[in-house]
Amino acid sequence: MRIPLVFGAMSLRITSAFPPLIFKSSSITSNISSASDLSKFYGLLETTQAVDLLNDGNAYTVFAPVNDAFEGLKKEKYVNMPSGNTKLRAMATYHILEGNWTLEKIQNEIKEKGGRTMVKTVEGTPLTISNDSSGNLIIVDHLGRGNVVMVTENQSSNGLVYKTKSILLPIR
């Protein structure tokens, strides 16, 4: 199902793909772990103990890559795929922002900053967020790789989850 959202003159198309059992009263980690298409990302969060960060009582926004994103990264033959827990944790926390970054807040930041905005991740390296010509929300990582946001603003008790098509890769 495609849901059109309109912000001023800009329309944003979003595909709804979260399972129906996403509850605002459940935590980010609970909602991610219950989404079958986010199981690989949840495994990354568990392996790197980023789950503990997301359960610390603060609000977070997570750009969660779907399982296909991990396969897509393999197909790209990305030779510098992080290895070791420190690098994997950096990759996991590069998908996390502090606070509640609602779609409205992101769009306002994009508009105020002239078409794109930079936001600091928990990992410390910023992401660039903008809209493409079709109105899709695009996140660009440090390597210049564009990442389309597929599903936005799934609320949890401690923040928001956005599903993305690709994995974001931080500075090494």
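Data block above holds the structure.
Residues numbered from 1 in each chain as written. Predicted model: local features only at pLDDT ≥ 70, side-chain atom pairs only at ≥ 80, totals over all residues. Heavy atoms only, no water.

Generally speaking, a soluble globular protein has its nonpolar side chains buried in company with each other. Formed by 25 residues in total, the largest nonpolar core has its most connected members in I32, F41, L45 and V62. Contributing elements (two or more residues each) for this core: helix 1 (28-34), helix 2 (39-47), helix 3 (50-54), strand 3 (60-65), helix 4 (67-75) and helix 5 (85-93). In this structure, I32 is in contact with L38, F41, Y42, L45, V62 and V161, ignoring residues within four places of it in sequence. Membership of the second largest hydrophobic core comes to 16 residues, among which are L97, L103, V119 and L137. (Core = buried A, V, L, I, M, F, W, Y, C linked by side-chain atoms within 4.5 Å. Buried < 20%, exposed > 50% of the residue type's maximum accessible area, 1.4 Å probe, protein only. Helix = DSSP H or I, 4+ residues; strand = E, 2+ residues; numbered from the N terminus. Contact = heavy atoms within 4.5 Å.)

What follows deals with the pattern of salt bridges. Opposite charge on two side chains lets them pair, provided their charged atoms get close. Per the counting criterion, the structure on display carries four salt bridges. The salt bridge involving K40 is made with E71; its shortest N-O contact spans 2.6 Å. You can see K40 sitting in helix 2 and its partner E71 sitting in helix 4, a full 31 residues away along the chain. Using a relative accessible area of 35% as the deciding quantity, one classes K40 as partly exposed. Accessibility expressed as a relative area gives 30% for E71, which makes it partly exposed. As a salt-bridge pair, R145 and D141 come within 3.2 Å of each other at their nearest N and O atoms. (Salt bridge = Lys/Arg side-chain N within 4 Å of Asp/Glu carboxyl O.)

What follows deals with the pairing of strand 9 (residues 159-164). The side chains of a regular strand alternate between the sheet's two faces. With six of six residues buried, strand 9 lies mostly within the body of the structure. Here strand 8 (residues 146-156) runs beside strand 9; their pairing, made up of five bridges, is antiparallel. The partner of V151 across the bridge, within strand 9, is K163. The antiparallel pairing of strand 8 with strand 9 creates a hairpin that spans two residues between the two strands. (Pairing = 2+ DSSP bridges.)

In total, this model carries one aromatic pair according to the counting rule given. Between F63 and Y162, the ring centres sit 5.3 Å apart and the planes meet at 40 degrees, which makes this aromatic pair tilted. Residue F63 is found in strand 3, and its partner Y162 is found in strand 9; the two are separated by 99 residues along the sequence. Each member of the pair, F63 as well as Y162, carries the same accessibility label: buried. (Phe/Tyr/Trp six-rings, centres within 6.5 Å; stacked < 30°, edge-to-face > 60°.)

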